[in-house]
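Read off the chains here:
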Amino acid sequence: MATDNLKQKAATGMLWTAVQKYSTMVISFISGIILARLLMPEDYGAIGMLAIFMSLAEVFIDAGFGSALIQKKEPTQTDYSTVFYFNIGMSVILYAVLFFTAPAIAGFYRMPILCKVLRVQGLILFIYAFNIIQRNQIRKNLKFKILSTITIITSVISLIVTVIMAYAGCGVWALVAQNFIGALIPCVFFWITTSWRPTWEYSWSSFKELFGFGFYMFLTHLTTTFSQRITSLLVGRWYDPATMGYYTKASDTSKQATLSISSVMIQTTYPLYSAVQDDKERLANMVKRITSTLAYITIPLLTLLILVAKPLFVILFTDRWLASVPYFQILCIGGMAGCLQAVNQQTIAAIGESRVFFIWTIIKNTVGIALQVVGLIVWGMWGLLAGKVISSWLSYFVNISLVSKYVGYKNYQQLRDLAPIFFVSTLALFFGYFCSSVLGLSLYPDGMIRVLVFAFIYVGWSVLFKADAYRYFSTVLTELKKKHF
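Keep in mind the model is a prediction, meaning the values are calculated, not measured.

Parameters at a glance
Residues numbered from 1 in each chain as written. Predicted model: local features only at pLDDT ≥ 70, side-chain atom pairs only at ≥ 80, totals over all residues. Heavy atoms only, no water. Helix = DSSP H or I, 4+ residues; strand = E, 2+ residues; numbered from the N terminus. Buried < 20%, exposed > 50% of the residue type's maximum accessible area, 1.4 Å probe, protein only. Areas by Shrake-Rupley, 256 points an atom, 1.4 Å probe, with all protein chains shown as cover. pLDDT = per-residue confidence, 0-100. Salt bridge = Lys/Arg side-chain N within 4 Å of Asp/Glu carboxyl O. Core = buried A, V, L, I, M, F, W, Y, C linked by side-chain atoms within 4.5 Å. Contact = heavy atoms within 4.5 Å.

Trainee: Sorry, what's going on with the overall build of the protein here?
Mentor: Across its full length, the protein carries 19 helices and zero strands. Each of the 485 residues in the protein was classed as buried or not, and the buried ones make up 56%. Of the roughly 20900 Å² that the protein leaves accessible, carbon and sulfur atoms contribute 69%.

Trainee: Looking at this structure, I do not really get the confidence of the model for the protein. What am I missing?
Mentor: The predicted structure's coordinates, where accompanied by low pLDDT, should not be read in detail. Confidence along the protein averages 84 in pLDDT terms, with 86% of residues attaining 70 or more. Highest mean pLDDT in the protein belongs to helix H5 (residues 113-121) (95); lowest belongs to helix H19 (residues 468-484) (58).

Trainee: Just to check I follow, could you spell out the pattern of salt bridges for this structure?
Mentor: When charged atoms on two side chains of opposite charge get close, those side chains can pair. In the structure shown here, the tally under the stated rule is two salt bridges. Linking Lys 288 and Asp 417 is a salt bridge whose minimum nitrogen-to-oxygen distance equals 2.8 Å. Here Lys 288 is found in helix H12 (residues 280-307), whereas its partner Asp 417 is found in helix H17 (residues 411-439), with 129 residues between them in sequence. Per residue, the accessibility class of Lys 288 equals that of Asp 417, and both read buried.

Trainee: I tried to follow the nonpolar core on my own but got confused; where do I start?
Mentor: One recurring pattern in soluble globular proteins: nonpolar side chains tend to sit buried together. Counting 123 residues, the largest nonpolar core has Leu 114, Tyr 247 and Ile 421 as its most contacted members. Contacts of Leu 114, omitting those with residues within four sequence positions, involve Ala 46, Met 49, Leu 50, Ala 106 and Tyr 109. With five residues, the next largest nonpolar core counts Met 286, Ile 290, Leu 294 and Val 343 among its residues.

Trainee: Mind showing me how you'd approach unusual backbone geometry here?
Mentor: When glycine is set aside, most residues are seen to have a negative phi, and most peptide bonds are trans. Of note in the backbone geometry, Ala 63 takes a positive phi value of approximately 55° without being a glycine. Considering the arrangement of structural elements, one finds Ala 63 in the loop between helix H2 (41-62) and helix H3 (65-71). A relative accessible area of 3% places Ala 63 in the buried class. We note that Thr 318 has phi near 75°; this positive angle belongs to a residue other than glycine. Its place among the elements puts Thr 318 in the loop between helix H13 (309-317) and helix H14 (325-350). For Thr 318, a relative accessible area of 21% translates into the label partly exposed.

Spelled out as structure tokens, the structure:
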């Protein structure tokens, strides 16, 4: 009975998270199409340069307590209040740091306008700190319908305001407003839709207990965020704002494709993994099914995007952004590993092995940063991107080894389960390129032919051979139909 209830919660959670992600993805695409015609690459470059500082500040504000509260089976009101006041205090300290270092950061990038932009955008930190508890309570209780509704409403309002400001010639400030609205509206709705309110209490014992787990998660998230954002720092410092803009557009687009599916599962799997953390057999089977289902959708999607990248960018963003295409294709290769390693990473975090997870994350991220820096020095931009991709795949192999050791889903089993998906996707990619070169059509018909050839091969393989991943995916769809249709 408990297993059926957990499956039902998983299916429902994935449904609403999917509704959220795909709705916001469509809205983001619409926004991207419009804004790419109204804004310049330099505007995107300015926001991209500051991303590392905002992201690191948010990690310090959360400090791993969000994961600790979800991982703890029955957190108390004292636990929540203690973390809430810590979040608020950290946001004040970190905004002050960003405010006073803004001139130095602008000087580092040789863009004076970044000083004002960072000081305004930094105000988002207060908003972020003010609703971390509510957001985590919604996730812990698997109330993804509320989260999805709020996110969709936010995306629509943000789109309207940003487009109006961009059309009015506000430039980079339109993107600042987009980020600001994207933080403010969810904060308001979270406080309206959740009953939790902080009480005037702060417990050092609660702090120490949660920090015991959260400390390693904090350091893990800190090093991971720095490793992921170091690319933007290096590109912004060594190249002009336009190149940074092209990279930012390629990175944002690849992340939309990568996270459109993986984040649906990641948001629902962490609380589910935590619920069965003591039953390793159930957990191993859950990881196998979720990983296979994720790979079945994500790997062919990203491979297809590599195949049709050029017509896709011309259609969505105009030929002004063609310089982003090769960056996008390379990042999609790394995105495949990013999707898969994130699911395995959630498993290790959910079972409480935060110290082991932290040690290996430090190793992975140190190697990843070194690969990107060396790649930049030796081969320039292409070496930097190659280092980023290699780093992503190294992280994946480390994470599946940890899952193999602590959960029992062996790494060779996972690779064997995913091998057919990679093989067929690669085969469809080569056949798509082959048909394209033979027919020699213009840009848009050529893109359509590539899509049709790829879909015919991949769907045909799925139907004819009915691989395990296909069956798992079909099971998820069946569960959703039973519950909601």
